[in-house]
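# Structural characterization, general
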Amino acid sequence: MFGYTLDDHVELRPLAIEHARAMFEITDRSRDRLRKWLPWVDAVTEVNDTVNYIKGAMKQAAENGGFSAGIWVREELAGTISFHEIDWSNRSVSIGYWLDQHFTGQGLMTSACRAFTDHALMRMGLNRVEIRCATANHRSRAIPERLGFVLEGVIREAEKLPQGYVNHAVYGMIQSEWKRIR
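Residues numbered from 1 in each chain as written. Predicted model: local features only at pLDDT ≥ 70, side-chain atom pairs only at ≥ 80, totals over all residues. Heavy atoms only, no water.

## Remarks on the pairing of strand S6 (residues 128-134)
Among the seven residues that make up S6, five are buried, leaving the element largely enclosed by the rest of the structure. Note: strand S5 (residues 92-99) against S6, four bridges, orientation parallel. Directly across from Ser94, in S6, lies its bridge partner Glu130. The β-α-β motif built from S5, the intervening helix H4 (residues 108-123) and the parallel element S6 has right-handed crossover chirality. (Buried < 20%, exposed > 50% of the residue type's maximum accessible area, 1.4 Å probe, protein only. Helix = DSSP H or I, 4+ residues; strand = E, 2+ residues; numbered from the N terminus. Pairing = 2+ DSSP bridges. Right-handed = clockwise from strand over helix to strand, strands pointing away.)

Laid out in structure tokens, this is it:
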């Protein structure tokens, strides 16, 4: 099971059912900011919705299809980071992430993405990690850019959000590149 200490106060831990209330609360607290970029936010209206998400993430992890971790800062849940479904035939995966509004701007997500990328490419033996985010989501785009991911292109109208369709910037990192820059 994945677990990773980023520094003396920050740790990545697999999500578990007992985290559902805390995760729902930070989702709810950050709802207005998150809804602008994440299509699932409005469907999360009660703790049980978060319980169901965590159950799905646990099942996916048990089937070796990917996993989700909470980002814990001084024992407080700050957000999540996930490997979406791993494509084992092509040895690739994409990363998704979000933070509670109270924890943004501290470098937490860059550190978490660095750890997840390293885990995927160096420990799991995957060849490619991808990060997609809305082209107008400059804070999210800054994360793969800081880590040296390559902007591979833009997918037009890739995702439907409450305000309409958004384009996605697609960033990629391959194992040989990561070995050189890590």
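Next comes the rest of the account.
## Re the side chain of Arg141
By the secondary structure assignment, Arg141 is in helix H5 (residues 138-146). Of the side chains bearing the opposite charge, Glu145 lies closest to the buried Arg141, which forms no salt bridge; the N-O distance is 4.1 Å. From its side chain, Arg141 meets the backbone oxygen of Thr135 in a polar contact 3.0 Å long. For Arg141, the side chain forms a polar contact with the side chain of Tyr171, separated by 2.8 Å. What Arg141 contacts, discounting residues up to four positions off in sequence, is Cys133, Ala134, Thr135, Leu151, Ala169 and Tyr171. (Lys, Arg positive; Asp, Glu negative; His and termini not counted. Salt bridge = Lys/Arg side-chain N within 4 Å of Asp/Glu carboxyl O. Polar contact = N/O pair within 3.5 Å; in protein donor to acceptor, adjacent residues only side chain to side chain. Contact = heavy atoms within 4.5 Å.)

## With respect to the nonpolar core
Grouped together as the largest cluster of nonpolar side chains are 35 residues, with contacts concentrated most on Ile81, Ile95, Met109 and Cys113. Elements supplying a minimum of two residues to this core: strand S2 (10-14), strand S3 (68-73), strand S4 (76-83), S5, H4, S6 and strand S8 (164-174). The element best represented in this core is H4, accounting for eight residues. Not counting chain neighbours up to four residues away, the residues in contact with Ile95 comprise Ile81, Ser82, Phe83, His84, Cys113, Phe116, Thr117, Val129, Glu130 and Ile131. Among the nonpolar cores identified, the runner-up in size contains 16 residues, and Ile26, Val41, Trp98 and Val166 belong to it. (Core = buried A, V, L, I, M, F, W, Y, C linked by side-chain atoms within 4.5 Å.)

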